[in-house]
Amino acid sequence: MKPISLLAILLSLVSAGALSARGFVLVEAESFSQRGGWVVDPQFMDQMGSPYLLAHGLGRPVADATTEIEFPATGSYRVWVRTKDWVAKWKAPGTPGRFELLVNGQPLKTVFGTEGAQWHWQDGGNINITGRKVRLALRDLTGFEGRCDAILFARDAKFAPPNRDTEMTAFRRSCLGLDERPEPAGEYDFVVTGGGIAGTCAALSAARLGLKVAFIQDRPVLGGNNSSEVRVWLQGARNKEPWPRVGDIVAELEQQKSAHYGPDNTAELYEDEKKLALVRAEPNIRLFLEHRANKVETDDGKMRAVIAQEINTGRRVRIGGRWFADCTGDGAVGALAGADFDVHPKGRMGPCNLWNVIETETPQLFPRCPWALDLSDKPFPGRSATKPNTNQLGGWYWESGFDRDPFLELEYVRDWNFRAMYGAWDAMKNVDKVLPNHRLNWSAHILGKRESRRLMGDVVLTLDDLKEGRKFPDGCVPTGWKVDLHLPDPKFEKGFEGDAFISKAHFTGYPMPFWIPYRCLYSRNIKNLFMAGRDISVTHEALGAVRVMRTGGCMGEIVGMAASLCKKHNAAPRSIYEEHLTELQDLMRRGVGKQHAADASTPTVPALLTQAGTNLARLAKISVPNGNLLNDGKANVTDNSSRWLGTGQLPHIIEFAWESPVTIRAARIISGYFTRKVADPIADFVLQWHDGAEWKDIPGASAQDNLDPCWHRAFSPVTTSRIRLVITKTKINVSRIWEVEFYGTPNAVGSQSSRSASGTDATTPIVAAAVPAAPAANNTCSRRLYACVSHATMGNLEQPKGN
């Protein structure tokens, strides 16, 4: 039957969730008014035609999704449900995605999700509708990823709905009463597509510089991989010299706390509401949440508009603009516009679906999963019949799709990740019979992607550029992550060649920070298109260094700045490099953050110390290896790589020596570890001076259970050529110190004065010596340190094994 073009004439709007053409009632699953435990999945709508509902229950059936619809007439209807048996493509035994359709509380005889490897309309038989208002429910039977795209009621029992585009799309739109032409949604200076960290920073940067911004995101939250849906923490660098203001917006988006893996990696840590609040606070931004950009308009080598489809209703809008930014990670908008791009053919980094388990107080059963990957006799991280390690389950290295098409086979890759997770847990629970009280706790159903398209700019950054430390005149975005490329881990690949599910990170070092050139951030052939994030102009190898999210956020800030200059000069992105680079650098110097992060990176010297003289530690020779880190004058409390680390058995002793005696009146010790705040300073310690015969404690210059990472004291002066710091207690027996400072005055060479710390022959003690020792917030230095919690400069942190 092919009278589809006639259906638009026969449309009849019935309710918000279901509409009918004569003889048809189509209900899109994502339009259900109450979704229960089902989740909306729009990731593959470009391939299979629509978002759908997913019963992502981790083996526990989810709550029913329900809605109420109104039929145009009572009578007999044939029911069709668009679904599939999601493991059939592998000819796997069992049908894990089974679910029922209930009509007015009664399940149809057909169980759905039991046939067909591809999306199709499964026949649900005939049903008699006796009243026009009808309650529908989707009932999950397994908790194992059942999926439903749409439900169709047809008066003609012989009608079979179309299942191929463009025929199916036309049929859907006709049944739903949707206009073929998208609704106008306004004209904007700058249209940003993609709501990850890069896109969020681009939208905020441009809006704060006066541009009218449209911001399109296909999820209900912002942050992308750094959201509660995917749960990957930020890595990379920001706020680095010589452009310490670049990264200020990234700093505003930083979470207060972080966790790596396991059940501590909770949704709340990702502060989705904070990201949304920052965007919604900008009057120049119109936010299009849950809109999928799937078409563009172009003219004469320029983009003119993005067409975006609302996820839950299918309604399409036209968003016009003068300049555009592709921050989708996949180069989706650029590809639609005809931008030059590259995709590494094989051996790409794959996406992952992080997952974790949790221990409960009672035994937790888990069913056998014959349809999952059979790992009964296979090794995988965390597996042990005697000492299983739950911290190794579901981490970044549970990754697949290295050789799969990153678009056409994306649902395959996500489902392969599911099969690996369920197969591993089945093996541990039912073969190894370990972790009896543990259960699956959480798994991302949204893929955390690493690599797909890269849009080509005027410069294509290469691995050699990074390794050689090449200096570009338009360097504007700092890196802080080694080249980190993932390939299948040979230890776990046997039996899964071509479809490995465990990766290994391969690192290559280079001088950091490296400054990515601006010319990587705009398209070389679409005149008004920027890009930011992992789809910028780099080679596959160089992507390993630039793909992390702090770096991507800095790209977004630069793109927003450049877009503001495009408007100011009515110019193309390329012209900013050719004619207005100095102006861009002026903006980079000023930054666009509301809080100046770098101001808090190096704590200011409290007044009591400046009154005590100059920092004489800079003149001292230090007895320990790498001692130069202790008196280099930097004290960047957010750069863990710039600390001195003392390990081994306590006490840790650091001696400072001067060629001639000096008089010391005060000291400051900046210590600890920075994640989202400075924590774990050295706890118990004492400063000692040498009187020529023996070491003596300096009264008032010691601490027990110190919690202040910026400890400082003034004390009665001592004159000596040797002072030492003796540390007797610290977190896990590691001393972490950014800077040690001694304040006072140098003495004449050969001076015989010997003012003792006990007061003998001493000058009048400094009044400020009574500085309180306790609350860190009671002194200027500590206040500034704790200000780093939300918006401090990030350096090259201690890098984990992969991401």
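Residue numbers run consecutively from 1 along every chain, following the written order of its sequence. Note on the predicted model: pLDDT of at least 70 is required for a residue's local features to be given, and 80 or more for side-chain atom pairs to be given and counted; whole-chain, interface and lining totals, by contrast, use all residues. Working from all heavy atoms in the structure, the side-chain values ignore hydrogens and water.

With respect to the packing of aromatic side chains
What counts is decided by this rule: Ring pairs shown here join Phe, Tyr and Trp side chains whose ring centres sit within 6.5 Å, with only the six-membered ring taken for Trp; geometry is labelled stacked below 30 degrees between planes, edge-to-face above 60, and tilted in between. Put simply, DSSP marks the helices as runs of H or I at least four residues long and the strands as runs of E at least two long, and each gets a number from the N terminus on. Only protein chains enter the accessibility calculation, which uses a 1.4 Å probe; a residue is then buried when its area is under 20% of its type maximum, exposed when over 50%, and partly exposed in between. By definition, being over a ring means that NZ of Lys or CZ of Arg is both within 6 Å of the ring centre and within 35 degrees of the ring normal.
Across all of its chains, the model carries 29 aromatic pairs by this definition. Ring centres 4.8 Å apart and planes at 45° place the aromatic pair Tyr52 and Trp119 in the tilted group. Taken together, the residues span a long stretch of sequence, with Tyr52 in strand β5 (residues 52–56) and Trp119 in the loop between β9 (106–107) and β10 (120–129) at a distance of 67 residues. Geometrically, the ring pair formed by Phe144 and Tyr422 is edge-to-face, given 4.9 Å between the ring centres and 85° between the ring planes. Residue Phe144 is located in strand β12 (residues 144–148), and its partner Tyr422 is located in helix α8 (residues 410–431); the two are separated by 278 residues in the primary sequence. For Phe144, a relative accessible area of 6% corresponds to the buried category. Lying across the ring of Tyr188, Lys212 places its NZ or CZ 5.1 Å from the centre. Directly above the ring of Trp738 sits Arg643, whose terminal nitrogen or CZ lies 5.8 Å from the centroid.

A look at the sheet that holds β12
Within a sheet, adjacent strands bond to each other through the backbone by hydrogen bonds, running parallel or antiparallel. Condition: Note on pairing: DSSP must find at least two bridges between two strands before they are called paired. Orientation is described by axes fitted as lines to C-alpha atoms, over the contacting stretch for helices, and by angles from 0 to 180 degrees between their N-to-C directions. Note on contacts: a residue pair is in contact if any heavy atoms of the two residues lie within 4.5 Å.
In spatial order, the strands read β4-β5-β12; together these three strands make up an open sheet with antiparallel pairing. Of all strands in the sheet, those bounded by a partner on one side alone are β4 (39–41) and β12. Averaged over all neighbouring strand pairs, the angle between strand axes comes to 35°, with direction disregarded. Bridge count between β4 and β5: three bridges; the pairing is antiparallel. Across the sheet, residue Val40 finds its bridge partner in β5, namely Leu53. Contacts from α8 reach β4, β5 and β12 within the one sheet, and its direction differs from that of β12 by about 150°.

Observations regarding unusual backbone geometry
Of note, the amide linkage connecting Met512 to Pro513 takes the cis form, showing an omega dihedral of -5°. With omega at 5°, the peptide bond leading from Leu650 into Pro651 counts as cis. Relative to the helices and strands, Pro651 resides in the loop between β31 (644–646) and β32 (652–671). Although it is not a glycine, Asn104 adopts a positive phi angle of roughly 50°. Looking at the secondary structure, you find Asn104 in the loop between β8 (99–103) and β9.

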